[in-house]
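# Structure assessment
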Amino acid sequence: MNTIIFRTIAPLIVATMLVFSVYVCLRGHNEPGGGFIGGLIGAAAIGVFGMASGVATVRQALRVDPMAIAGFGVFLAGFTGVLSLFTASPFMTSIWLYLPIGETTIPLSTPLFFDIGVYCVVFGTISAIALALESDREEEL
Amino acid sequence: MATPTPTTDLPQAMIEAMTPAADWVIVLPIVFGLMGAAALLTMRRSNSTPLLVALAVVFAIIACEVTLLLRVLADGPVSMTMGKWLPPFGISLTADIFSAAFALGAAVVTAIVLVYAEIDRGDAQEADTFHAMVLLLLAGVTGAFLTGDLFNLYVWFEVMLIASFGLIVFGGRPIQLDGAVKYGFLNFLATTFFLLALGLLYGLLGTVNMADIMRVAPAANPAAMAGVAALLLLAFGMKAAAFPVNAWLPASYHTPPASVSALFAGLLTKVGAYAMLRALVAVLPGSRDLLEPVMAMIAISTLVIGPLGAIAETNLRRAVGFIVIGGIGTIMAGLSMPSLLGVAGAGLYIFHALFTMTALYMIAGLVEKRTGATDSRQMGGLYAASGSISVIFLVLVLAAAGVPPFLGFWPKLLLLEAGFSQGATGPAPGTVGVVLVIALLVNAVLTLIAGARLWGHIFWRSGPIDAAPSDAPRLLAPLTGRGRVGYAATAVLTALIVVAGLWPEPVMQGARLAAGDIVDPARYVEAVGLAGETP
Amino acid sequence: MDYVLAALVGLFIAMGVYLLLSRSVIRMLIGMTILGNGVNLLIFTAGRVTREVAPIIPSALEQPSGPIANPLPQALILTAIVIGFSMFAFLLVLAFRAYQSLDADNTDTMRLAEPEQTPNPPLSY
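Bear in mind that the values here come from a model prediction, so they are computed numbers and not experimental data. (Residues numbered from 1 in each chain as written. Chains lettered and ligands numbered in written order. Predicted model: local features only at pLDDT ≥ 70, side-chain atom pairs only at ≥ 80, totals over all residues. Heavy atoms only, no water.)

## Looking at the overall build of chain A
- Broken down by element type, chain A carries 5 helices and 2 strands.
- Reading the secondary structure of chain A in the N-to-C direction produces α-α-α-α-β-β-α.
- In terms of its C-alpha atoms, chain A occupies a principal-axis envelope of roughly 55 × 35 × 25 Å.
- For chain A, the share of sequence-separated contacts (at least 6 apart) that also reach a separation of at least 24 residues comes to 63%.
- In the form shown here, chain A has an accessible surface area of approximately 7300 Å², with 72% of it arising from carbon and sulfur atoms.
- Positive and negative side-chain charges of chain A, numbering 5 and 9 respectively, have mean locations separated by a distance of 8 Å. (Helix = DSSP H or I, 4+ residues; strand = E, 2+ residues; numbered from the N terminus. Contact = heavy atoms within 4.5 Å. Areas by Shrake-Rupley, 256 points an atom, 1.4 Å probe, with all protein chains shown as cover. Lys, Arg positive; Asp, Glu negative; His and termini not counted. Charge placed at Lys NZ, Arg CZ, Asp CG, Glu CD.)

## Concerning the pairing of strand β2 (residues 92–95) of chain B
All names here are of chain B.
- Side chains S92 and T94 of β2 all project onto a buried face; the interleaved residues L93 and A95 project onto the opposite face, where all are buried too.
- Bridge analysis of strand β1 (residues 78–81) against β2 gives 4 bridges, and the strand direction is antiparallel. When the sheet's bridge partners are listed, T81 is paired in β2 with S92. (Buried < 20%, exposed > 50% of the residue type's maximum accessible area, 1.4 Å probe, protein only. Pairing = 2+ DSSP bridges.)

## Focus on the packing of helix α6 (residues 174–205) of chain B against helix α8 (residues 222–240) of chain B
Residue and element names in this part refer to chain B.
- At their nearest, the axes of α6 and α8 sit 8 Å apart, and the two run at 160 degrees to each other. When the axes of α6 and α8 are compared, the pair comes out roughly antiparallel. Of the two elements, α6 crosses α8, and the hand of that crossing is left-handed.
- By residue class, the composition of the contact of α6 with α8 is 20 nonpolar, 2 polar and 1 charged. (Axes fitted to C-alpha atoms, helices over the stretch in contact; angles between N-to-C directions. Parallel < 35°, antiparallel > 145°, perpendicular 65-115°, else oblique. Left-handed = near helix turned anticlockwise from the far one by under 90°. Nonpolar A, V, L, I, M, F, W, Y, C, P; charged D, E, K, R; others polar.)

## Thoughts on the pairing of strand β2 (residues 104–109) of chain A
Residues and elements named next belong to chain A.
- Taken together, the 6 bridges between strand β1 (residues 96–101) and β2 define a ladder with antiparallel strand orientation. When the bridges of β2 are listed, L97 appears paired with L108.
- Hairpin connection, β1 to β2: the antiparallel pair is bridged by 2 residues, and G102 has positive phi, about 60 degrees.

## Side note on the UniProt feature "transmembrane region" (unreviewed entry) in chain A
Residue and element names in this part refer to chain A.
- Annotation from UniProt places "transmembrane region" (unreviewed entry) at residues 12–29, 35–56, 68–92 and 112–133.
- In this annotation, residues 35–56 is assigned 95% helix and 0% strand; the end-to-end C-alpha distance for the span is 27 Å.
- Structurally, residues 68–92 comprises 60% helix and 0% strand, and the distance from its first C-alpha atom to its last is 23 Å. (UniProt positions renumbered as here; feature names shortened; annotations may be inferred.)

## Describing the UniProt feature "domain: Na+/H+ antiporter MnhB subunit-related protein" (unreviewed entry) in chain A
- When the UniProt feature table is mapped onto this chain, "domain: Na+/H+ antiporter MnhB subunit-related protein" (unreviewed entry) is found at residues 5–127 of chain A.
- Segment residues 5–127 of chain A splits into 69% helix and 10% strand. End C-alpha atoms: 23 Å apart.

## Observations concerning the interface of chain C and chain B
- Between chain C and chain B, the residue contacts involve 46 residues of the former and 45 residues of the latter.
- Where chain C abuts chain B, roughly 4100 Å² becomes buried across the two surfaces, and 75% of that area is made up of carbon and sulfur atoms.
- In this assembly, chain C and chain B are joined by 1 salt bridge.
- On the surface where chain C and chain B come into contact, there are 2 residue pairs in polar contact (both at pLDDT 80 or more).
- At the level of secondary structure, the elements contributing two or more residues to the side of chain C that touches chain B comprise α1 (2–20), α2 (25–46) and α3 (71–102) of chain C.
- Per-element tally for the side of chain C that touches chain B: the top contributor is α3 of chain C, with 16 residues.
- Class assignment of the residues belonging to the side of chain C that touches chain B gives a composition of 30 nonpolar, 11 polar and 5 charged. (Buried area = accessible area lost by both parts, 1.4 Å probe. Salt bridge = Lys/Arg side-chain N within 4 Å of Asp/Glu carboxyl O. Polar contact = N/O pair within 3.5 Å; in protein donor to acceptor, adjacent residues only side chain to side chain.)

## Digging into a nonpolar patch on the surface
Residue and element names in this part refer to chain A.
- Taken together, the side chains of I4, I5, I9, L12 and I13 define a hydrophobic patch exposed on the protein surface, amounting to about 500 Å² of accessible area.
- With respect to the helices, strands and loops of the structure, I9 is situated in helix α1 (residues 4–27).
- Owing to a relative accessible area of 38%, I9 belongs among the partly exposed residues under this scheme. (Patch = residues over 30% accessible without salt bridge, like charges linked within 9 Å, V, L, I, M, F, W, Y side chains within 5 Å.)

## Overview of the nonpolar core
- Judged by nonpolar contacts, the single largest core of 241 residues is most densely connected at L137 and F194 of chain B.
- Excluding its chain neighbours within four sequence positions, the residues that come into contact with F194 of chain B are L150, L153, Y154, F157, L232, A235 and F236 of chain B. (Core = buried A, V, L, I, M, F, W, Y, C linked by side-chain atoms within 4.5 Å.)

## Let's talk about the packing of aromatic side chains
- Enumeration over the complete set of coordinates arrives at 28 aromatic pairs over all chains.
- The interplanar angle of 15 degrees and the centroid separation of 5.4 Å between the aromatic rings of F98 of chain B and F102 of chain B together place this pair among those described as stacked. Of this pair, F98 of chain B and F102 of chain B are both found in helix α3 (residues 97–116), 4 residues apart, which corresponds to roughly one turn of the helix. With respect to burial, F98 of chain B and F102 of chain B carry one shared label: buried.
- Centroid distance F130 of chain B to F170 of chain B: 5.4 Å. Interplanar angle 55 degrees. Geometry classified as tilted. Of this pair, F130 of chain B sits in helix α4 (residues 130–146) while F170 of chain B sits in the loop between α5 (150–168) and α6, and the two are 40 residues apart along the sequence.
- Each member of the aromatic cluster is reached from another via a ring pair, and the members are F165, Y183, W248, Y253, F264 and Y361 of chain B together with F90 of chain C.
- The ring of F157 of chain B is capped by K239 of chain B, whose NZ or CZ atom sits 5.2 Å from the centre of that ring. (Phe/Tyr/Trp six-rings, centres within 6.5 Å; stacked < 30°, edge-to-face > 60°. Lys NZ or Arg CZ within 6 Å of the ring centre and 35° of its normal.)

## Overview of the environment of Q74 of chain C
Residues and elements named next belong to chain C.
- With respect to the element layout, Q74 can be found in helix α3.
- Among the residues examined, Q74 registers a relative accessible area of 39% and is labelled partly exposed.
- C-alpha of Q74 to C-alpha of I26: the two residues are 48 residues apart in sequence and 29 Å apart in space.
- Sequence-distant contacts of Q74, defined by excluding residues within four places in its chain, comprise P55 and A69.

## Details of helix α2 (residues 35–53) of chain A
- The end-to-end C-alpha distance of α2 of chain A, which contains 19 residues, comes to 27 Å, matching closely the 27 Å that a straight helix rising 1.5 Å per residue would cover.
- Positive backbone phi, approximately 90 degrees, marks G54 of chain A, located one or two places after α2 of chain A. (Expected span 1.5 Å × (residues − 1).)

## Some details on the side chain of H254 of chain B
- Topologically, H254 of chain B is positioned in the loop between α9 (248–252) and α10 (258–283).
- On the basis of relative accessible area, H254 of chain B is assigned to the buried category, the value being 7%.
- Among the polar contacts made by the side chain of H254 of chain B, one reaches the main-chain carbonyl oxygen of P250 of chain B at a distance of 3.2 Å.
- The contact partners of H254 of chain B, leaving out residues within four places of it in the chain, are S261, N315, R317 and R318 of chain B together with A113 of chain C.

Rendered as structure tokens:
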């Protein structure tokens, strides 16, 4: 798999995929897209990177353990649900905040952060599984 | 997006009233479990005391669940529908007495196993995911107990399954991988069958909310509903390890460390049994009547085959696994008798098994630590080395067999009463009830024989089976500091079982009250907020 | 249309069951995935197949302007796909690890947890 063509092109593909994954995640706010599919695209990028330059390099480049990213995602998603405790509504009720910046209004909401949490969960777990499958030596998932 | 326009009619789909913060006791146990697991997973490299964090989370969960249970006992079922949607559009979490009590029992057992698990951990601890996975498992189990929505139940099953996958391969010995392949495939298959049944149910009724199904199910095609109920019986039977789909349990439960086996035995199969109780007895009673003979057959064969397997087995933890299967037969016997007593007995047995089966695996782990063997042929002479372990083991065997005055006796008493009144015409009891009663008694005797054999071989015999009687008694490894912690945890759990067995009045009363809500779910439907409407 | 989909569901489930009966772990895994997809298709069919627009509310409106497709089966299927995918990924890693350490892809030779030849249990009490 690591021909020179693949190794040269891989960083380009990986960077594009990572940016696109964030775009898809945020686009899911109002249009088709979302955290799950965005996280999958991001994890696929990590998988490609792992094929091109080896698992050790990817782990170093990620800096954070993928499972820790997944854990953070669950925490974030759970936290956005708990926020509705303060508005006297049931768990997971959405809260919206309209931020006027200049001439536009940016709608921020708890579903957005929930979706970012989902992105982290999917990105973290699928990356961890992809890296575990790509590495030859036995290691903990 | 834009400000609401007056044309939209919100009250038809949304909850308008304020939700009191006190209602959150039903959702907080799940949230605490999930977020605690997530926090432990995120900080596993920097956190040096994961046990303390995990215990703090579990105690917070226990506090919530005690509040919830007291409230349910006082005011009847509690329900909360997520995201301000009205039921059946939103996902409802609904707790009645059984679900609140089982969730509380699961949290207590988890706290004790977390302490006990120190026995399986080396002194040089690496950053691992054990505590995070235990909390995730507890979140899944709690969610499954508290949910009021069948699809949500499927999701919690999968959360449980993911966490149990992480735990069963924990340590990564080859034997565990072998066990995990069988455990993984068969449990995944079971949840796929559950999903299949859900798809058909949704197609038939257009709803997956349990309370809503109770309202609309009687109007549906009974033949189609019976098919759905049979699929649910298969799926939950596989999760609960009822005969003939029990083979995965003795193939996998003895492979992980003893603490993981203990947690699985206490929580996982009981969730399957609870799902059967909820889905087949409370939600689809009409179809359950059709399946009654099948369930009685399954109950009888599970009751007999479980302890027979335990008698034939010399691997200690595999033998305990067969005793767990026998217990599932007891629950099935209660479920195949739709009376108040039968349901109360089944529910009380689930509650008893949560504690007793966990404790059995815990003491088995201690025995393995002391003797350094997993097979009862290589054990022996433990009575001379440790009288207290042998007493605890004997007490737990008696409790599992249902010998008075231990906790296992009381649910069986309820089931015997139910069996004699089942299908009774005048003073004569019905045939099925009598056969079930006989099977229950046979199960008790066989379990007692299996347990007594194990006890005799492990504790009473002077040494391993091939050792000559004249050999000097073996030196058994004494428990180290961590081992003593595990021993204390086992003793505490056994003490709980003994105390609950000696003062059974509160749990017996609770079980009868709880069974009332299962047999006549009017209060349950009303709590969700669907009462009075006609479909 | 419903009948075609129903036949397809049956075909998927038959293929899944056939592959699950195999001894090879990888084939069982593929069977599990096909079975799962058959079930997802079943939920999709159970939600009634209609020719309507996607259930997305235009940004200017508060509610859909006309009839829309039923969004609930799609939500259920999405959840089931996500879960099925993660289970598949986990079982794949597990099968790979089992192949590495047990050197077995055949379930008949995976007998570590349940040894094949064990002597009879002791007859003494």
